[in-house]
Amino acid sequence: MRAINQLRMLLLAAWLGLAIYFSAVVAPSAFAVLRSFDLANPNEVAGSIVTKTLSAVNKSGMLFALLALATGFLIKRHYQRVWFILQNLLLIIIASSTAIGEWVIARRMRGLRAAMNGHIDLVPPDDPNRMAFAALHGYSVAALSVAIIAALAVILLMIFSQSRIVETAKE
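Since the model is a prediction, treat every value here as computed from it, not as a measurement. (Residues numbered from 1 in each chain as written. Predicted model: local features only at pLDDT ≥ 70, side-chain atom pairs only at ≥ 80, totals over all residues. Heavy atoms only, no water.)

J.: Honestly, a positive patch on the surface in this entry has me stumped. Any pointers?
T.: On the surface, a cluster of positive charge is made up of Lys52, Lys59, Arg107, Arg108 and Arg110. Those elements that provide at least two residues to the positive patch are helix H2 (42-72) and helix H3 (81-115). As for its placement among the helices and strands, Arg107 is situated in helix H3. According to the relative accessible area criterion, Arg107 is partly exposed, its value standing at 48%. (Patch = residues over 30% accessible without salt bridge, like charges linked within 9 Å, V, L, I, M, F, W, Y side chains within 5 Å. Areas by Shrake-Rupley, 256 points an atom, 1.4 Å probe, with all protein chains shown as cover. Salt bridge = Lys/Arg side-chain N within 4 Å of Asp/Glu carboxyl O. Lys, Arg positive; Asp, Glu negative; His and termini not counted. Charge placed at Lys NZ, Arg CZ, Asp CG, Glu CD. Helix = DSSP H or I, 4+ residues; strand = E, 2+ residues; numbered from the N terminus. Buried < 20%, exposed > 50% of the residue type's maximum accessible area, 1.4 Å probe, protein only.)

Below, the structure is given as structure tokens:
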């Protein structure tokens, strides 16, 4: 049972590291590097790179959260009820946030990008499509942030509960 819990923590910790690295390094670097070249559409190119990468982050976050949720039932009896419920709620938040980020927010952003003919850099800032795109970008950041915070919380709960699993296994 301890191995299952450690695998769950490992997958979630790996995803958490990936999500933080994407947010703190990949996305800002893509925009900074491409803006440093004399391109006609650096934000569009960087946005395409970030969108593709974020898709992998969101899909893996949802997959790992659902996997942790499913495998949690294998070790349910080793957790106190309140900790088990809290872990599951946090895992549902991770899965929901990443799914909404991918299949609702990002899909709408791709639609707006297409409506602007892939020339976001040339669209005036007060254009309704560009304003909607900026608002969706904020929602995307918020969705990933919620998932990151939930992942950190569930990992801490798993670590805190790890001693309980070890004690139960010895009995």
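Following the structure, the description resumes.
J.: Quick question: what am I supposed to make of the packing of aromatic side chains here?
T.: Counting across every chain of the model gives 2 aromatic pairs. Plain terms: the ring middles of Phe73 and Phe84 are 5.3 Å apart, the flat faces sit at 80° to each other, and that makes the pair edge-to-face. One end of the pair, Phe73, is in the loop between H2 and H3; the other, Phe84, is in helix H3, and 11 residues separate them in sequence. For Phe73, a relative accessible area of 49% puts it in the partly exposed group. On the accessibility criterion, Phe84 (7% relative accessible area) is buried. (Phe/Tyr/Trp six-rings, centres within 6.5 Å; stacked < 30°, edge-to-face > 60°.)

J.: Looking at this structure, I do not really get a nonpolar patch on the surface. What am I missing?
T.: The grouping of Val33, Phe37, Leu39, Val45 and Ile49 at the surface amounts to a nonpolar patch, some 410 Å² of accessible area in total. Position of Val45 among the secondary structure elements: in helix H2.

J.: Is there a simple way to think about the pattern of salt bridges in this case?
T.: One side chain can pair with another of opposite charge once the charged atoms of both are near each other. Taken as a whole, this structure holds 1 salt bridge when the rule is applied. Here Glu44 ties to Arg113 by a salt bridge, and the two come within 3.3 Å at their closest N and O atoms. One end of the pair, Glu44, is in helix H2; the other, Arg113, is in helix H3, and 69 residues separate them in sequence. Residues Glu44 and Arg113 agree in their burial class; the two are buried.

J.: Explain helix H1 (residues 2-36) here, please?
T.: Because an α-helix completes one turn every 3.6 residues, residues spaced three or four positions apart along the sequence face the same direction. Taking 1.5 Å as the rise per residue, H1 with 35 residues should run 51 Å; its terminal C-alpha atoms sit 49 Å apart, in good agreement. Considering bend angle alone, the principal kink of H1 is centred on Phe22 and spans about 45°. Looking at H1, one finds that the buried residues are Asn5, Arg8, Met9, Leu12, Trp15, Leu16, Ala19, Phe22, Ala27, Ala30 and Leu34. (Expected span 1.5 Å × (residues − 1). Bend = angle between axes of the 7 residues up to and from the residue.)

This is a description of form; function is not addressed.
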